[in-house]
Amino acid sequence: MTANSRCSAAEPPGLETQRREIESLLRECELRAGDSWYVVDRRWFEQWKEFVETGDQNSSSFPGQIDNSELFEDLDSYHLKERLVENEDFVLVPAEAWHKLLVWYGMVDQQPPLERKVVDLPSTLKVEVYPVEIFLCLHSNMEKVITAQFSRTDSIHSIQRAMCQEFSVAPGSECRLWMKSSDSSCERLRNVQVSVLDACLSSGMTVIMEMRNADGTWPSSRPHIMRNSVEEQDSYRGQPGVCGLTNLGNTCFMNSALQCLSNAPPLTEYFLQNSYLEELNFTNPLGMKGEIAEAYADVIKQIWSGRHYSVVPRVFKTKVGHFASQFLGYQQHDSQELLSFLLDGLHEDLNRVKTKEYIELRDADGRPDQEVAEEAWRNHRRRNDSVIVDTFHGLFKSTLVCPECHKVSVTFDPFCYLSVPLPVSTDRIMEVFFVSLDPYAKPAQHRVVVPKAGKVSDLCSTLSEMTNIPPTQMVVADVFNHRFYKIYNADESLSCILDRDDIFVYELSVLEEQQEEQVLLALYLRERSHYRDYGSGSSSYGTSLFGHPLLLNVPRSSCSQEALYNLFLQRLARYVRPPDPSEELEEEEEEEEDEEEELYKTQTNGISDDEEQDANPGPSQSEPSCSDASSNNQSDGTAASEPQPHINHTQPSLDHGDSETSNGSMTQTEPVCSADNTPTNSTDDMKPCGDTESTGDTVACSDTPAETAQQPCETTEEQNEEDKQEEACSPSPPANEHPAKRRACRKRRKNLFTIQAVNSNGTTERGMGEGGSAVSFSSQPYVAIDWDPDMKKRFYNENEAEKYMKHPSMEVPQQQTTVQLQECIELFTTVETLEEENPWYCPVCKKHQLATKKLDLWSLPEVLIIHLKRFSYTKFSREKLDSIVDFPLKDLDFSDCLLRKNVSNEEPPSRYDLIAVSNHYGGLRDGHYTSYARNKDNGQWYYFDDSKVTYAREDQIMTNAAYVLFYHRQDKLRKPTLPAPNTSPASSTQSANDITSSKDEDTGAAAYVTMETD
């Protein structure tokens, strides 16, 4: 019997029975989501009702075969008419009633039954008379479009299955669907298990299907820049898995972690075999809606396609930044932190547990460890079941003991990786330069061993044993860019000093008589330029620091310009040559010709241009005079507005910190020619340098010494112009003053440099000190000696100044610290006391306690990740530990570390082989990540440095850069399916001539074949 013919095999029941059965089904059947109902033409149904109500089998109202012709637009496509109304155009009957009517009356030939599903719409159940009508096409052929109808309750997978059948897609091909609306925007249909209704598919939309390319990419995501070179890309055939990852900008940490995970065989094969597609969890609130798993799958498939030199993981980077904001942007990060996030994200995206049940954890309470461990693992798998748990999760035992009541709490907790500490040495090695008090002794570089948590005084004490200089006569400073970055106190912590800092230790002099106070003076060397520094807002000459600064003790009474000049000349005797008497005499003769020029400087608005001369006579050694003060008035870049400075006889000008002295002059104790004390005009704001001038032994000039001798004489017109400007800007001096000045100048000697009080940077000039001092004592005094370029060239020996000697301690080879991996694991399992920031709540004491904690390994996973905690953060220091960890490449045995001793024959062994290493080169603030990995197919080791891939030897893998280790349990190791490539030294060297790897010197990868072209 067919559905389209009148039933002849069995007579229908009586008309009354028919009426009673159908009406009963119509009355009792309720709408249930997913049930099938059928559309029947209302006129035929009314005809049938009239027929059964007559009770006459031979009645003229016999309806005949079920005929829905009036409901179709045409009888070719059998497409349902639009806007049909229930109970006016058609009636809906449940499936059971439909089958009865079909058996009793049959159906018109070729007409399809109009089966419709009950859909659960928001707040209502409804029979879906009009299904969703969508257009289907392939990404590779958008012109060929077919139309198909699907119920809103159908899954997206049913659409994919229908498309594969319709377009004859090869079985096993990996496909993905896109939903395209009328506005041409496309959206991925990620979850193929959801219904058409939940996917928001509506009539008129287009579903596009694409198949993954052989190179692991998707047609829709292949970059445009690659479209022009598809043939070139397709022509490349390389070893699968041997593929670089492009650095997108500080993403070497991500590339290193991806390469290591890529070479973990169980996880990679899981993705290559498309097993992940069936386990994507789109509803897990802790997951990333499957997006991280899909992005990672795309990277793995491209790496292992064997068709790429290098892959650009831009989509993966974007997804990671979207779900973990700490990885947004292009800052430097930690490869282990990314690895932790990625493993957790993959686990939640692939968790087979769709709804996590609540499980109350129980304490051991004296039960056997085996029982508690099995219960803990069972509870863990009830909430967490994924390929990540299968491959990477192990179990360790945690034992806490209360220090008061001695309550013992035992729990078993899962782990995804082991973070093992490195033995931290309590000492550190520092390299410092010792500057002796002997001016002819070169600085000596020493290598000293000091406590890490020590103080600067410990450094001085250790250095004292090598130099026989008391620690009290030492001061430690950090020198950077020719200036003191910091001068340390003896009680400061050594943790403030970094290994890369240039540390100088200066020997200080000690007076035999301790009655007089001493000043620690910081001395800078500056060179004056030939041009004015107009950009600074002043008329001073530009200066630049050079050479090594000095620290020296100076008696407070010896801080005059002259005393300091002699002291500095003595300290610099090794590389500063004093002038010969003939040189001095020659320059004094030149001075006499230029007396007028020296005494009458070009002045504008009270600012002297005396620095245009390269040398200036120093103070007279025989007797102080008015002309001394007058001629010495001009300073480096500043001057008074008249030849003589204003010298206050009654009230001294005190310098407090950076304040300036009155009129640029410093105080003096005895009066000098009052005729020279004419007040100046507005000089307080014109003289930031604060020159100091006085009479007697403390008279000294702070300008450029003997500048006139170094400059040719100016023309008469220029001299006259100077006189005019001087007369216009200041009161005229007495007529008989100039000869006195000339006589004084002939008696002066020439200074090699000038002395200037400066700030700690050696730039801003400060006011002079009190009582004739060249420095201020209100804070740490800094003084600069300014050299004219010509004088510096003649008398300063730069080569000699830069020389230093190496102490025998520098010749002792520095032993590289090496620790065994087993030591690190043992350190991981030692008893420790909880920190105050992380106490444990004791259920017996009813309060938080600093309990002792011990971790023990109970069971280990198939792939064991060991994180070496090289970055050490303590209360005293922050450092990266560069110790070499001696880790085996084969046969790492954990049998002695496992707490479970009674291992049965069914238990897996505890021997592991190394499969990958993530390396970190650099320090705390910056660095570079690379990786070593063993290819699962050919067993060859490779070195991955972003987009560069080179062969590697096993003897290169263990370095002090090893950061994260990946081990594979031996019973799960895959034997290589391909022979190892030829990496003989001859062929490697020949092919490696074009390699330019930035890490060759760090890894010893000197000659290996490159796997990348650009």
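Fair warning: this is a prediction, and the values are worked out from it, not measured in the lab.

Caption draft 1: Summary view of the confidence of the model for the protein chain. Per-chain confidence: the protein chain averages 76 in pLDDT, with 73% of residues scoring 70 or above. Low confidence marks residues 1-9, where pLDDT is under 50. Its contacts with residues over four positions away, or in another chain, come to 21 contacts. Across residues 223-232 the pLDDT falls below 50, and counting only partners more than four positions away or on other chains, this stretch makes 5 contacts in the model.

Caption draft 2: View of unusual backbone geometry. Positioned with a positive phi, Ser168 is a non-glycine residue whose angle comes to about 55°. Tracing the chain through its elements places Ser168 in the loop between α4 (156-166) and β7 (175-180). Of note in the backbone geometry, Cys200 takes a positive phi value of approximately 65° without being a glycine. Of note, Cys200 is situated in the loop between β8 (186-189) and β9 (206-211).

Caption draft 3: Inspection of the pairing of strand β34 (residues 863-869) at higher detail. When you tally the buried positions in β34, you get 6 out of 7 residues, the bulk of the element. The pairing of strand β14 (residues 418-421) with β34 spans 4 bridges and is parallel. The residue of β34 that forms the bridge with Pro421 is Lys869. Of the strand pairs in this sheet, β34 and strand β43 (residues 962-969) are connected by 5 bridges, and their pairing is antiparallel. Counted as the bridge partner of Leu864 is Tyr967 from β43.

Caption draft 4: Structural view of the sheet that holds strand β6 (residues 141-150). On the basis of which strands lie adjacent, the open sheet formed by 5 strands has the order β6-β5-β9-β7-β8 and mixed pairing. On the outer flanks of this sheet lie β6 and β8, each paired with one strand and no other. Between one strand and the next, the sheet's axes are offset by a mean angle of 30°, whatever the strand orientation. The pairing of strand β5 (residues 132-138) with β6 spans 6 bridges and is classified as antiparallel. Looking at β6, one finds that Glu133 is bridged to Gln149. This element, α4, spans β5, β6, β7, β8 and β9 of the sheet and lies at about 65° to β9.

Caption draft 5: Here's a closer look at the pattern of salt bridges. Tallying each qualifying case throughout the model produces 44 salt bridges. Measuring nitrogen to oxygen at the nearest pair gives 3.5 Å for the salt bridge that ties Glu21 to Lys100. Here Lys100 lies in helix α3 (residues 95-105) and Glu21 lies in helix α1 (residues 15-28), a separation of 79 residues in the sequence. For the salt bridge of Asp786 with Arg528, the shortest nitrogen-to-oxygen distance reads 3.8 Å. Residue Asp786 is located in strand β27 (residues 782-787), and its partner Arg528 is located in strand β20 (residues 518-532); the two are separated by 258 residues in the primary sequence. Residue classification places Arg528 among the buried residues on the basis of a relative accessible area of 3%. Sharing partners across several salt bridges, the network here consists of Glu269, Glu862, Lys936, Asp937 and Arg974.

Caption draft 6: Representation of the packing of aromatic side chains within the structure. Evaluated as defined, the whole model comprises 31 aromatic pairs. With centroids separated by 5.1 Å and ring planes inclined at 70°, the aromatic side chains of Phe271 and Tyr296 adopt a geometry described as edge-to-face. Of the two residues, Phe271 is situated in helix α8 (residues 265-272) and Tyr296 in helix α9 (residues 291-303); the sequence distance between them amounts to 25 residues. Considered together, Phe271 and Tyr296 belong to a single accessibility category, that of buried residues. Ring geometry for Phe433 against Phe504: centres 5.1 Å apart, planes inclined by 20°, an arrangement best described as stacked. Of this pair, Phe433 sits in strand β15 (residues 427-435) while Phe504 sits in strand β19 (residues 503-507); the two residues are 71 residues apart in sequence, bridging distant segments of the chain. As far as the burial class goes, Phe433 and Phe504 line up, both buried.

Caption draft 7: View of the nonpolar core. Counting 57 residues, the largest nonpolar core has Phe271, Tyr296 and Phe392 as the members making the most contacts within it. The element best represented in this core is α9, accounting for 8 residues. In contact with Tyr296, other than residues within four places in its own chain, are Leu258, Leu261, Ser262, Leu267, Phe271, Phe316, Leu342 and Leu346. Counting 41 residues, the second largest nonpolar core, distinct from the first, contains Phe433, Ile487, Leu551 and Phe795.

Quick notes on the rules
- Residues numbered from 1 in each chain as written.
- Predicted model: local features only at pLDDT ≥ 70, side-chain atom pairs only at ≥ 80, totals over all residues.
- Heavy atoms only, no water.
- pLDDT = per-residue confidence, 0-100.
- Contact = heavy atoms within 4.5 Å.
- Helix = DSSP H or I, 4+ residues; strand = E, 2+ residues; numbered from the N terminus.
- Buried < 20%, exposed > 50% of the residue type's maximum accessible area, 1.4 Å probe, protein only.
- Pairing = 2+ DSSP bridges.
- Axes fitted to C-alpha atoms, helices over the stretch in contact; angles between N-to-C directions.
- Salt bridge = Lys/Arg side-chain N within 4 Å of Asp/Glu carboxyl O.
- Phe/Tyr/Trp six-rings, centres within 6.5 Å; stacked < 30°, edge-to-face > 60°.
- Core = buried A, V, L, I, M, F, W, Y, C linked by side-chain atoms within 4.5 Å.

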